[in-house]
Amino acid sequence: MAPGDFYMLGSLQAEMKKIEPAIHSLEHEIQLSLTLSESYYLCSSAIILASLLIEAGDIPEAKKILKLVDPGEGGFIPHVGYKTKVELLARVEEKLKK
């Protein structure tokens, strides 16, 4: 697999609301991106994965994934739109207050 392949698959799965497979694919992309120092797919995958994890209620894992992304970075999340790390961390705080 080349950089971006698991990202594209995970994005499609997220678009189709196949959450578990999307999480699995995006985790693979993050590992591949870290190995190859591929920052674009790392950031994009981390943003989508963190959003899925937040919605699934896995706040600790979402926060762990967001540590891989610089504060000003963001990405497009299927069915949500463009979100930044800062916006996702704000969603984390909202979830923690509930």
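A brief look at the structure comes next. (Residues numbered from 1 in each chain as written. Predicted model: local features only at pLDDT ≥ 70, side-chain atom pairs only at ≥ 80, totals over all residues. Heavy atoms only, no water.)

**A look at the pattern of salt bridges**
A full pass over the atoms with the stated rule returns two salt bridges. For Lys64, the salt bridge goes to Glu61, with nearest N and O atoms at 3.8 Å. In this pair, Lys64 and Glu61 are both assigned in helix α4 (residues 59–66), three residues apart and thus about one turn of the helix distant. With a relative accessible area of 24%, Glu61 lands in the partly exposed category. (Salt bridge = Lys/Arg side-chain N within 4 Å of Asp/Glu carboxyl O. Helix = DSSP H or I, 4+ residues; strand = E, 2+ residues; numbered from the N terminus. Buried < 20%, exposed > 50% of the residue type's maximum accessible area, 1.4 Å probe, protein only.)

**What about the nonpolar core?**
In this structure, Ile47, Ile48, Leu49, Leu52, Ile65 and Leu88 are the most contacted members of the largest nonpolar core, which totals 24 residues. At the level of elements, α1 (5–15), α2 (19–36), α3 (39–56), α4 and α5 (85–97) are the ones that each hand at least two residues to this core. No other element matches the 10 residues that α3 contributes to this core. Dropping the residues within four chain positions of it, Leu49 is found in contact with Ile23, Leu26, Glu27, Ile30 and Ile65. (Core = buried A, V, L, I, M, F, W, Y, C linked by side-chain atoms within 4.5 Å. Contact = heavy atoms within 4.5 Å.)

**Some thoughts on the packing of α3 against α5**
Between α3 and α5, whose axes approach to 11 Å, the crossing angle comes to 10 degrees. Between α3 and α5, the crossing angle belongs to the class labelled roughly parallel. Listed contacts from α5 to Ile47, Ala50, Ser51, Ile54 and Glu55 of α3 are Lys85, Leu88, Arg91, Val92 and Lys95. Of the residues assigned to the contact of α3 with α5, the class counts are five nonpolar, one polar and four charged. (Axes fitted to C-alpha atoms, helices over the stretch in contact; angles between N-to-C directions. Parallel < 35°, antiparallel > 145°, perpendicular 65-115°, else oblique. Nonpolar A, V, L, I, M, F, W, Y, C, P; charged D, E, K, R; others polar.)

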